[in-house]
Amino acid sequence: MNSRIFLADDGARLYCRGPSDSAAHDAVPVLMLHSLFFDGSMFDAVRALLSTDLAVYAPDHRGQGRSGAGREAPSIDRLASDTIGIIETLGAGPVHLVGSSMGGYVALRIAQRRPDLLRSCVLSCCTAHAERQPERFAALEQRIRDEGTALLGPTLLQTMFGERFVAEDGEVCRAWRRHFESLGRSAADPVQGVFARPGYEALLADVRLPLLLFSGELDRAKRPADMQYIAERVAGSRHVTVGDSGHTPPVENPALFAAELLRFWNESTPVAARALN
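It should be emphasised that the depicted structure is a prediction, and the values quoted were computed from it without experimental measurement.

Q: Break down the confidence of the model for the protein chain for me, citing the residues and quoting the values.
A: In this model, the protein chain carries an average pLDDT of 93, and 97% of its residues clear a pLDDT of 70 or more. The model gives residues 271-277 a pLDDT under 50, and that stretch makes 16 contacts with residues more than four places away or in other chains.

Given below as structure tokens:
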């Protein structure tokens, strides 16, 4: 794996995992956008299962992971602008865009703002609606600002993963718990960016791209019905419910997630299909 630093238009330094320049040459570009409280490494297991004919990039959103915070707060629109800048800087042509939870809101906004930059779009465990429980997120934001995240490991595990994954308490689960507990008070800013987002119901009519939608049957944060709402309003969409997963299918079931991505790209975009054969 290679890494690159991209500069946003306000000077924020954005860290991005990706292939070497030689491996990316003539490959179909894929950009994967992570969930709140994670970083781009949440896709490592999925990336390892994808074809070498794909150039897969996984940036850290501003103020998260190894990326700098910059001068502007990490609203969904600001993160969409950051991502548009990364795609344009790559100069590899339209990308397959994959967004999980927070990354899904960013991906949905890009699909509406700059469809010319996308081959397809994948959304996992998000919603087109504004936050239904803003007071809950506001309380979490304030607690993080006051106390940090050192005591929030169990709470965040229960929110971000299904009960099976948490109960098994495997190495990956324990690693993410340590990650959540190490985030500190700066994690409050992206929390505010997520719960302050507007509803995106109206923009669904502008989406003209193939959509693959994932939901987790055991998800405590978002419901499969949220993804089905999008599927019913964007023609050609396909909705996959992952039976043993909570809010984060790319981590909880990376093999299924990767297989569904490849199937979708083969079926929906002939250019990608030729690259994968």
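Q: Go over the sheet that holds strand E7 (residues 211-216) with me, naming the residues and quoting the values.
A: Spatially, 8 strands are ordered E1-E2-E4-E3-E5-E6-E7-E8 in an open sheet, and the strand pairing comes out mixed. A single partner strand is all that each edge strand has here, and the edge strands are strand E1 (2-7) and strand E8 (238-242). Ignoring which end each strand starts from, the neighbouring axes of this sheet average 20 degrees apart. Where strand E3 (residues 28-33) and strand E4 (residues 54-59) come together, 4 bridges link them in parallel fashion. Among the inter-strand pairings, Pro29 is bridged to a residue of E4, identified as Ala55. Strands in contact with helix H12 (residues 254-268) are E3, E4, strand E5 (95-100), strand E6 (118-124), E7 and E8; relative to E7, the strand with the most contacts, it is inclined by about 160 degrees.

Q: Just give me the short version of helix H6 (residues 153-160), but keep the residues and values in it.
A: Among all positions of H6, only Gly153, Leu156, Leu157, Thr159 and Met160 are buried. Taken around the axis of H6, the buried residues stretch over an arc of 165 degrees, which confines them to a single face. Contact partners of the buried residues in H6: helix H5 (134-147), helix H7 (163-168), helix H8 (171-181) and helix H11 (249-252).

Q: So, the layout of surface pockets: which residues are in play, and what are the values?
A: Reported here for the largest pocket is a volume of approximately 450 Å³. Surrounding the largest pocket, 25 residues form its lining, Glu131, Arg136, Phe137, Ala221 and Lys222 being those nearest its centre. Size it by volume and the second largest pocket reaches roughly 170 Å³. Considering the residues around the second largest pocket, the lining is formed by Pro19, Ala23, Arg47, Ala48, Leu50, Ser51, Thr52, Leu54 and Val56. Elements with a minimum of two residues in the lining of the second largest pocket: helix H2 (44-49) and E4. In the lining of the second largest pocket, the residues fall into 6 nonpolar, 2 polar and 1 charged.

Q: Run through the pairing of E5, naming residues and quoting values.
A: By the criterion of burial, E5 is predominantly enclosed, with 6 of the 6 residues buried. Burial of E5 is two-sided: the residues Val95, Leu97 and Gly99 facing one way and the residues His96, Val98 and Ser100 facing the other way are all buried. Pairing analysis gives 4 bridges linking E3 to E5, with the strands arranged parallel. Residue Leu33 lies in a different strand from E5, and its bridge partner there is Gly99. Here 6 bridges tie E5 to E6, and the two strands are oriented parallel to one another. Of the residues in E6, the one forming a bridge with Val95 is Leu118. A crossover links E5 with its parallel partner E6, the connecting element being helix H4 (residues 102-113), and its sense is right-handed.

What counts as what
Residues numbered from 1 in each chain as written. Predicted model: local features only at pLDDT ≥ 70, side-chain atom pairs only at ≥ 80, totals over all residues. Heavy atoms only, no water. pLDDT = per-residue confidence, 0-100. Contact = heavy atoms within 4.5 Å. Pairing = 2+ DSSP bridges. Helix = DSSP H or I, 4+ residues; strand = E, 2+ residues; numbered from the N terminus. Axes fitted to C-alpha atoms, helices over the stretch in contact; angles between N-to-C directions. Buried < 20%, exposed > 50% of the residue type's maximum accessible area, 1.4 Å probe, protein only. Arc of directions from axis to C-beta. 1 Å grid on protein atoms, 1.4 Å probe; cavity = no way out; pocket = protein on both sides within 12 Å on 5 of 7 lines; lining within 4 Å. Points joined across faces, edges and corners; volume = space filled by probe spheres on them. Nonpolar A, V, L, I, M, F, W, Y, C, P; charged D, E, K, R; others polar. Right-handed = clockwise from strand over helix to strand, strands pointing away.

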